[in-house]
Amino acid sequence: MSKLFIVVFLLTLSCHPKKEFIHPIHKNITQSVYASGNVISRDQYQAFTIISGIVDHIYVSEGDSIKIGDKILTIANESQKLNIENARLSAAYANDKANEGKLSEAKMNISLAKSKMLNDSILLERQKQLWAQNIGSKIELEQRTLAYEASKTTYFSSTEKYIELGRTLKLSALQSKNNLSLASKLETDYTLKSMINGVIYSLNISEGEIATPQKPVATLGKINDFILEMQVDEYDIVQIKIGLPVMVVLNSHQDKVFEARVSKINPMMNLQSKTFLVEAEFVQQPEILYPNVSFEANIIINSKENAVLIPREYLWNDSLVTKSNGQDVVVKTGLKDYKMIEILSGLGLDDELIISDK
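Residues numbered from 1 in each chain as written. Predicted model: local features only at pLDDT ≥ 70, side-chain atom pairs only at ≥ 80, totals over all residues. Heavy atoms only, no water.

**Re the overall build of the protein chain**
Helix and strand counts for the protein chain come out as four helices and 19 strands. Taking all 358 residues of the protein chain together, 33% fall into the buried category. Of the contacts formed within the protein chain by residues at least 6 apart in sequence, a portion of 73% connects residues at least 24 apart. (Helix = DSSP H or I, 4+ residues; strand = E, 2+ residues; numbered from the N terminus. Buried < 20%, exposed > 50% of the residue type's maximum accessible area, 1.4 Å probe, protein only. Contact = heavy atoms within 4.5 Å.)

**A word on the pairing of strand S14 (residues 294-311)**
When a strand is regular, its side chains alternate between the sheet's two faces. Two strands pair when backbone bridges link them, and strand S1 (residues 25-41) and S14 are joined in this way by 13 bridges, in the antiparallel orientation. If you follow Ser36 over to S14, its bridge partner there is Glu296. As judged from the five bridges shared by strand S11 (residues 245-250) and S14, these two strands associate in the antiparallel manner. Along S14, the bridge assignment pairs Leu250 with Phe295. Pairing analysis gives three bridges linking S14 to strand S18 (residues 340-345), with the strands arranged antiparallel. Its bridge partner lying in S18, Ile310 is registered against Ile341. (Pairing = 2+ DSSP bridges.)

**Comments concerning the packing of aromatic side chains**
For the structure on display, the rule yields two aromatic pairs. On the numbers, 6.3 Å between centres and 85° between planes, the contact of Phe258 with Phe282 is edge-to-face. Pair noted here: Phe258 is in strand S12 (residues 253-265) and Phe282 is in strand S13 (residues 275-282), with a separation of 24 residues, a long-range link. Judged by relative accessible area, Phe282 falls into the buried class, the value being 12%. (Phe/Tyr/Trp six-rings, centres within 6.5 Å; stacked < 30°, edge-to-face > 60°.)

**So, the confidence of the model for the protein chain**
Of all residues in the protein chain, 85% have pLDDT values of 70 or greater, and the mean over the chain is 83. In the model, residues 1-16 has pLDDT below 50 throughout and makes zero contacts with residues more than four positions away in sequence or in other chains. (pLDDT = per-residue confidence, 0-100.)

**Things to note about the sheet that holds strand S9 (residues 218-221)**
Sheet strands associate in pairs through backbone hydrogen bonding, adopting either a parallel or an antiparallel arrangement. The strand order across the open sheet built from four strands is S2-S9-S7-S4, with neighbouring strands paired in antiparallel fashion. Every interior strand has two partners, whereas the edge strands, strand S2 (45-47) and strand S4 (65-66), have only one. Strand direction decides the pairing type here: S2 and S9, joined by three bridges, are antiparallel. Residue Gln46 lies in a different strand from S9, and its bridge partner there is Thr219.

**Looking at the pattern of salt bridges**
Applying the stated criterion across every chain yields a total of nine salt bridges. In this structure, Lys304 engages Glu342 in a salt bridge whose closest nitrogen and oxygen atoms are separated by 2.5 Å. Here Glu342 lies in strand S18 and Lys304 lies in strand S14, a separation of 38 residues in the sequence. A salt bridge links Asp351 to Lys323; the nearest nitrogen and oxygen atoms lie 3.6 Å apart. Here Asp351, found in the loop between S18 and strand S19 (353-354), pairs with Lys323, found in strand S15 (residues 320-323); they are 28 residues apart in sequence, far enough to count as distant. One exposure class covers both Asp351 and Lys323, and it is buried. By sharing partners, the salt bridges in this structure join Arg42, Asp225 and Glu281 into a single network. (Salt bridge = Lys/Arg side-chain N within 4 Å of Asp/Glu carboxyl O.)

Have a look at this one:
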């Protein structure tokens with residue numbers, strides 16, 4: 001019976017092997033926030049046409065350098081050209097110099113009306129003097145009076161017509177100029193021009209195809225000048241500050257780590273992804289790089305040399321560790337990475353730790 005007990009006891013021991021233990025170690029630690037994203041060219045933007053129409057001519061190719069104001073493409077606009085020509089003709093017709101003859105004629109009419117009014121005034125005054133001497137008839141006096149009133153009315157009417165003609169001609173000239181300016185402005189809407197000094201990274205349309213304001217026709221950006229756009233989780237964004245170092249691994253350069261610095265934090269969260277857009281700039285960018293290359297990055301938020309560290313799996317309930325003798329100890333933690341965590345107090349380098357079963 002005693003032999004059976006010994007065998008059972010030994011089997012029990014073999015089923016419960018002794019747990020492995022570790023000691024805290026001194027080592028450097030870096031705490032970082034993970035982010036992923038894409039490389040974009042500085043000032044990169046998608047170009048849209050203002051109006052819809054058939055692409056008449058494309059002036060650039062992918063990879064071409066371009067300057068501000070250079071043409072990218074034009075849309076067929078024969079009807080608009082006719083509108084401009086009509087507006088130009090109307091402006092020329094309504095020009096002040098072109099209407100000097102009308103104004104001169106109106107001035108002459110005023111002069112003639114004034115002369116007639118003065119003459120009728122003299123004749124009326126003479127007739128009044130004769131009537132005072134009982135010479136002539138009352139009918140003659142009334143006729144002279146009516147003639148004077150008629151010529152005076154004609155004079156004032158011609159003056160008003162001259163003033164009104166001047167206003168009308170000025171308004172017509174101004175409207176014609178505005179119509180010409182508007183037509184010329186609309187003509188520029190048929191030409192898509194570059195807004196930056198840079199390079200054409202992509203063309204999404206060909207001559208003869210229909211361009212619409214809803215579809216980008218080209219992508220432009222600075223040449224050999226790139227920035228990093230990263231998506232940072234909302235739980236980590238409060239730790240991100242301008243100037244923090246960023247360690248970047250590009251999918252196009254997987255054998256090398258590049259250093260960058262946080263340069264911009266977009267304050268609006270993306271509601272769908274629950275992330276914030278954070279930009280960084282290379283300290284020294286790769287010699288060869290292209291837009292839209294994807295990457296993974298770690299934003300360094302803190303680091304410490306010669307810290308007391310233990311593996312993260314040995315910590316439980318955020319503040320407890322278990323010694324090899326089974327005693328649970330409360331510790332104060334500091335920095336952490338994906339493997340290790342810093343112990344600020346509660347443990348020494350000689351303490352033996354096991355993974356808790358609790």
